[in-house]
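Each chain is listed here by its residues.
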Amino acid sequence: MRKVLVLTEAKAGNLRGVSLEVLTAAQRIAEGGEIVAVAIGSDATHYAKVLGKHGAKKVYIVGNKELEVYTTDAYSQALRQIIDEVEPEAILMPHTAIGKDLAPRLAARYGLGLVSDVIDVQVEDGEVLFTRPIYSGKAFEKRNVKSGTLFATVRPNNIPVEKIDGTIEVVHFNAEIKDLRTIVKEVVRKTTGGVDLSEAKVVISGGRGVKSEEGFKPLEELAEVLGGAIGASRGACDAEYCDYSLQIGQTGKVVTPDLYIACGISGAIQHLAGMSNSKIVVAINKDPEAPIFQVADYGIVGDLFEVVPLLTEEFKKLLVTS
Ligand code: FAD
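Predicted model only: the values in this text are computed from it and were never measured. (Residues numbered from 1 in each chain as written. Predicted model: local features only at pLDDT ≥ 70, side-chain atom pairs only at ≥ 80, totals over all residues. Heavy atoms only, no water.)

## Quick word on the environment of E124
The topology assignment puts E124 in strand 8 (residues 120–124). For E124, a relative accessible area of 41% puts it in the partly exposed group. Expressed as a C-alpha distance, the spacing of E124 and Y75, which sit 49 residues apart in the sequence, is 33 Å. (Helix = DSSP H or I, 4+ residues; strand = E, 2+ residues; numbered from the N terminus. Buried < 20%, exposed > 50% of the residue type's maximum accessible area, 1.4 Å probe, protein only.)

## Some thoughts on unusual backbone geometry
Trans is the common state for peptide bonds, and a negative phi is the common state for residues other than glycine. In this model, E31 sits at a positive phi of 50°, which is unusual for a non-glycine residue. Tracing the backbone shows E31 in the loop between helix 1 (17–30) and strand 4 (35–40). Of note in this structure, K211 is not a glycine but carries a positive phi near 70°. Relative to the helices and strands, K211 resides in the loop between strand 13 (202–206) and helix 5 (217–226).

## Side note on helix 3 (residues 72–86)
Along an α-helix, residues three or four positions apart point the same way, because every turn accommodates 3.6 residues. In this model helix 3 runs 21 Å from its N-terminal to its C-terminal C-alpha over 15 residues, within 8% of the 21 Å that 1.5 Å per residue would give. Across the 15 residues that make up helix 3, a large majority, 11, are buried. Among the residues of helix 3, T72, D73, A74, Y75, S76, Q77, A78, L79, I82, I83 and V86 are the ones counted as buried. Of the surrounding elements, those touching the buried residues of helix 3 are strand 1 (4–7), strand 4, strand 5 (58–62), strand 6 (90–94), helix 4 (97–110) and strand 12 (169–173). Directly beyond the C-terminal end of helix 3, a positive phi value near 50° is found at E87. (Expected span 1.5 Å × (residues − 1). Contact = heavy atoms within 4.5 Å.)

## Some remarks on the sheet that holds strand 10 (residues 139–143)
Pairing is antiparallel across the open sheet formed by three strands, whose spatial order is 8-9-10. One side of each edge strand has no neighbouring strand; the edge strands of this open sheet are strand 8 and strand 10. With strand direction ignored, the average angle separating the axes of adjacent strands in the sheet is 25°. The sheet contact formed by strand 8 and strand 9 (residues 127–134) spans five bridges and is antiparallel. Considered in strand 9, the bridge of E124 is made with E127. Packed onto the sheet, helix 1 meets strand 8 and strand 9 and runs at close to 10° relative to strand 8. (Pairing = 2+ DSSP bridges. Axes fitted to C-alpha atoms, helices over the stretch in contact; angles between N-to-C directions.)

## Topic: the packing of aromatic side chains
Taken as a whole and judged by the stated rule, the model has two aromatic pairs. Geometrically, the ring pair formed by Y70 and Y75 is edge-to-face, given 4.6 Å between the ring centres and 70° between the ring planes. On the accessibility criterion, Y75 (8% relative accessible area) is buried. (Phe/Tyr/Trp six-rings, centres within 6.5 Å; stacked < 30°, edge-to-face > 60°.)

## Section: the packing of helix 3 against helix 4
Direction vectors running N to C along helix 3 and helix 4 enclose 55°, while the axes themselves pass 10 Å from each other. Comparing their axes, helix 4 and helix 3 come out oblique. Relative to helix 4, the crossing made by helix 3 is right-handed. Together, T72, D73, Y75, S76, L79, R80, I83 and D84 of helix 3 and I98, D101, L102, R105, L106, R109 and Y110 of helix 4 make up the contact between the two elements. A class-by-class count of the residues in the contact of helix 3 with helix 4 yields seven nonpolar, two polar and six charged. (Parallel < 35°, antiparallel > 145°, perpendicular 65-115°, else oblique. Left-handed = near helix turned anticlockwise from the far one by under 90°. Nonpolar A, V, L, I, M, F, W, Y, C, P; charged D, E, K, R; others polar.)

## Overview of the nonpolar core
Counting 32 residues, the largest nonpolar core has V4, V6, I29, L51, L92, V121 and F130 as the members making the most contacts within it. In terms of residue count, helix 1 provides more of this core than any other element does, eight residues in total. What L51 contacts, discounting residues up to four positions off in sequence, is T8, L15, L23, A37, A56, V59 and I168. Y60, M93, A107 and F173 belong to the second largest nonpolar core, which has 27 residues in total. (Core = buried A, V, L, I, M, F, W, Y, C linked by side-chain atoms within 4.5 Å.)

Below you can see the structure in the form of structure tokens.
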């Protein structure tokens, strides 16, 4: 039995799906031990019950105004106070922009090893095994931690969420935050509303083959019908057809949707690093030799400006009749 501390994340007051995936990973590691969740923001009381139905026995709700916008400094101060109070045997965080920034800082502070970007967790004979991709997703390694507190970040969309019956104790925690070295004055959001790319179940991605900003329109129509998010290759971003916040790949976002539709993307290794773990990959490209077809489950050789609107029409019909 282990005591596990989980950092949850919310967006605009709504719990992010990855938080429940991390709690499921925590259930496996805890093996019946206590799971303590941390939720930042006083509005977390709305979803505290949901955390309880996914294994958390206690939630620390931290409502400090210094934490309204993420800064490494303020979050790490708050988290350290909770870690010192809870004394967990394992710490888990989502492998999101926040987790990727915060976990190494805390690991360094405590002198702990960090297993990042975990896509599966199993316990074998009492030993916790973390699976993570290496070499841009070309291979996978299993890691265990021999000493000290286990510390890992969990990639979104990989661990199927498991519910359990449970109630939760709520602790309102006021962190002592002082001597901040950075203060965020303004946050400029580049993407508005819509489905969060890193958690989307369907991603429609455009490459240099879309040829212009306008060229993304048919992809957006398909994404709307399928309830998906728009992504892009770096080729499309470099050509200024879209914003870099949409870039998928080694130097962009990593996505693992159920369905990934690559439109006019050649399939460079750096792009594959961000999407090759998608469950189903569909590639649309007019070059039959394009490398993207080697990782595609379904390939359509053709002009995306003809193929994508046809798909949109067909999906519309199917979704209306089903
Ligand atoms: P291209 O390679 O130019 O391919 C365009 C494709 O569109 C072609 O296959 C063409 O046949 C097809 N096409 C053209 N017109 C049509 C049409 N009408 N209908 C259908 N198909 C059409 N790339 C990433 O994506 N993500 C990364 O994170 C990333 N990181 C990188 C990091 C480093 C260090 C380096 C060196 C490179 C990185 N790259 C990354 C760049 C990567 O190597 C490729 O250059 C890039 O992915 C190419 O983008 P693309 O496939 O859109 O463009």
